[in-house]
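Structural overview
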Amino acid sequence: MSSANSYKNTAAIKASLKKRYARERRFQWYGRIAVMTGFVFLFILLADIVGKGLPAFTQQYIKVTLDLDADRLGVAPDASEAELLRADYLGVIRSSLRDMFPEVTDRKEKRQLYRLISIGAEYDLRDAVVDDPGLIGQKFDKWLLAHAEAASYLKGQVSRDLPEGDRKLKNTQMDWLDSLRDRDRTEGRFNTLFFTEGDSREPELAGIKAALYGSFFTLLVTFLLAFPVGVFAAVYLEEFAPRNRLTDLIEININNLAAVPSIVFGLLGLAVFINFFELPRSAPLVGGVVLSLMTLPTIIITSRAAIQAVPPSIREAALGVGASKLQTVFHHVLPVSMPGILTGSIIGMAQALGESAPLLMIGMVAFIMDVPGGVTDPATVLPVQVFLWADSPERGFTEKTSGAIMVLMGFLIVMNALAIYLRRRFELK
Amino acid sequence: MNSMTVTADGVISSPATARADLDIREHEHVSHYQTIGEPFVDNAKMSARNVNVFYDDKQAIFDVSLDIGGNEVIAMIGPSGCGKSTFLRVLNRMNDIIPICRVQGDISLDGDNIYGSDQDTVLLRARVGMVFQKPNPFPKSIYENVAYGPRIHGLAHSKAEMDEIVETSLRRASLFDEVKDQLDKPGTGLSGGQQQRLCIARAIAVSPEVILMDEPCSALDPIATARIEELIDELKANYTIAIVTHSMQQAARVSERTAYFHLGKLIEVGDTKEIFTMPKHELTENYITGRFG
Ligand SMILES: Nc1ncnc2c1ncn2[C@@H]1O[C@H](COP(=O)(O)OP(=O)(O)OP(=O)(O)O)[C@@H](O)[C@H]1O
Ligand SMILES: [Mg+2]
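Given the structure is predicted, the values throughout are model-derived calculations rather than measurements. (Residues numbered from 1 in each chain as written. Chains lettered and ligands numbered in written order. Predicted model: local features only at pLDDT ≥ 70, side-chain atom pairs only at ≥ 80, totals over all residues. Heavy atoms only, no water.)

Another aspect to go through is the state of the cysteines. Under the defined criterion, the tally for this structure stands at zero disulfides over all chains. The structure places no disulfide on Cys199(B), whose sulfur is separated from the nearest cysteine sulfur, that of Cys217(B), by 12 Å. (Disulfide = S-S within 2.5 Å.)

A few words now on the domain arrangement of chain A. You'll often see interface size given as the accessible area lost when the parts meet. All names here are of chain A. Partitioning chain A into domains gives domain 1 (2-54), domain 2 (57-191) and domain 3 (209-428). Here the C-alpha centroids of domain 2 and domain 3 sit 46 Å apart. Taken residue by residue, the interface counts eight residues in domain 2 and seven residues in domain 3. When the two sides are added together, the surface that domain 2 and domain 3 hide from each other amounts to roughly 560 Å², 45% of it contributed by carbon and sulfur. When the area that domain 2 buries against domain 3 is broken down by residue, the three leading residues are Phe 57, Glu 149 and Gln 157, summing to 58%. The interface formed by domain 2 and domain 3 includes one salt bridge. Of the charged contacts, one joins Lys 155 and Glu 399 as a salt bridge, the two residues approaching to 2.8 Å between their closest N and O atoms. Broken down by class, the residue content of the side of domain 2 that touches domain 3 amounts to two nonpolar, three polar and three charged. (Domains from an automatic or database assignment. Contact = heavy atoms within 4.5 Å. Buried area = accessible area lost by both parts, 1.4 Å probe. Salt bridge = Lys/Arg side-chain N within 4 Å of Asp/Glu carboxyl O. Nonpolar A, V, L, I, M, F, W, Y, C, P; charged D, E, K, R; others polar.)

Each pocket or cavity is described by its volume, and for the largest pocket that value is around 690 Å³. Residue lining of the largest pocket: 25 residues in total, with Glu238(A), Glu239(A), Lys325(A), Ile97(B) and Pro99(B) positioned closest to the centre. Per-element tally for the lining of the largest pocket: the top contributor is helix 14 (residues 312-320) of chain A, with four residues. Broken down by class, the residue content of the lining of the largest pocket amounts to 13 nonpolar, four polar and eight charged. (1 Å grid on protein atoms, 1.4 Å probe; cavity = no way out; pocket = protein on both sides within 12 Å on 5 of 7 lines; lining within 4 Å. Points joined across faces, edges and corners; volume = space filled by probe spheres on them. Helix = DSSP H or I, 4+ residues; strand = E, 2+ residues; numbered from the N terminus.)

This part is about the sheet that holds strand 7 (residues 101-109) of chain B. All names here are of chain B. Strand order in the open sheet formed by four strands is 5-4-7-8, and the pairing between neighbours is antiparallel. Edge positions in the sheet fall to strand 5 (58-69) and strand 8 (112-113), since each has one partner strand and no second. Both strand 7 and strand 8 contribute to a ladder of two bridges, which runs antiparallel. Bridged to Leu 109 within strand 8 is Asp 112. (Pairing = 2+ DSSP bridges.)

Our next topic: the environment of Glu278(A). The topology assignment puts Glu278(A) in the loop between helix 12 (262-276) and helix 13 (284-308). With a relative accessible area of 64%, Glu278(A) lands in the exposed category. (Buried < 20%, exposed > 50% of the residue type's maximum accessible area, 1.4 Å probe, protein only.)

Have a look at this one:
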């Protein structure tokens, strides 16, 4: 129409541009600040956990000159294996320690000296001798596992500044450890026991393996139950079920179920699976079933959303060449929605992995030393193990707690990596 | 041009069509609007009788009766939103998947009612194929796009046979030369026009008896369009084709008969030549001479 008019528009738009860009910049800054705040907190959290947990992955050893005298062991030089198993290794270790510190004579002090070495050392020595009976009668140096309190001092976690009465490790013990260190008789090594042993009363002997396996078996059961049932329920509700009162009711209930506190599922598991069906207590089987009940709504809801997001044109295309409903769903809808379904499932599984309350209800809080070999063996899971260790008074367990959290997060990362890998594979097709 | 007015419901009408006896809106509530021309043929492959289609309570097709003759190409034309796609989709029951869509009347294929209780939609859609208005390849490889139909119907008995079907289908859709080196690449990575030709290849791969094409060339350049028109010419020896198009020239070039739809009613149907040279209904005339639509 008129050029004057359009010129005025240009001027008006120009005038408003500055304001619009300023608003955009401001919005971007809000976003950046929010993201950075999140990162800072995450960083603090991780730094704290890693800082506290890292020492859990090293273990202190003390080199002791052992005098494996047959007399001291209380066996004949040609003893049978059964006799060797019953020999007095503790006595040997103790007397060897006394040999190293001849000035210790007081009974109380002697006991303190013995407490530098873990009770696990005895079994280590026994195994070594049973392996090689030729050691009997020899005098040799052997690295023995240090007691948790001694290890703690060697790692620099206990300070002499603390009044002696407030700490378990006494000044004399610290002197002995210092002298051992000066003679290069102490050493930190990677803590393999942490990954090969179950729980123990002694912090230096406690490992995560039982809880790790327990978590693995529990999640296996959860996944095998919740994933297929959840996905098929979502497919049925989305693709086949008629829309009526009943399906509306089901939908509402699924959404409500997702909001039920997890401990309620634990109560349900206790009442139904353990008391009624008499399934074994503390078993990953029951834990997995309970957690799958908890995870199911999450998987169903996210799977339905993923299925809904599949463009209708793909369904039309498949139906248009004569695919049946089921073929359309399995050949086209599910593969396309699989990345979304996997994302939802992994969120559900991550929740299940971190869950402890419902598992406490079904007895998975027991003190488990043996690594479970299947889904019906008594077991505990990582978060419960974290809880148990956090609850223990010994300071050796503090680092174990953070170490266990690190393992738990490692588990989570592995799970997520697997999901991302699977998702990629589906997206490529 | 400048004497046209836009009425309340968005229909552009020239003063000529505003004459009461010809105004289509006068017929909106008349259930038996009489189609002008010859809707019925002797060798009907598909026939529709008194078809009404509703989306919820909104009626999209009003009492349409029309035959589609064997081995003929019938073009369906009409302004946007007049129900061409809707009518095409009821012919192979694609409307079944729209929950709010209701169909009344009889539609038969070779004399069998396709809405009968014994009709199987899988079989029907294998016999009556469809090319959609918007290209919709599967997010799978080009090969898999074409091979999918034959595979689920068990039409190929060996890999070689399947390769053959895929190649001939792609050739007939004049896509083969462009994609022969990338058959394993995703079909969704092709250009819009290539995607549409892929969809055509996918439809003809199952050798349907009737092919319904909903504006198959709307995303194609003139060269690809010409190739598709050649393909249609070639296909009509063996197949029956119903094509929706917005291009008068295309309708004139490829079809034997033309049906003109307006606001859900079949206004006029007849020999393409006749429709384009001497339309009987004023609305048809206005539309094909470009006075509206
Ligand atoms: N899924 C649907 N739900 C509700 N109404 C619909 C649906 N599909 C089509 N309609 C309505 O039916 C009428 C006919 O639509 P249709 O798609 O058949 O038109 P068309 O002739 O193909 O138009 P175009 O040339 O633009 O493709 C329109 O008024 C439209 O709003
Ligand atoms: Mg259309």
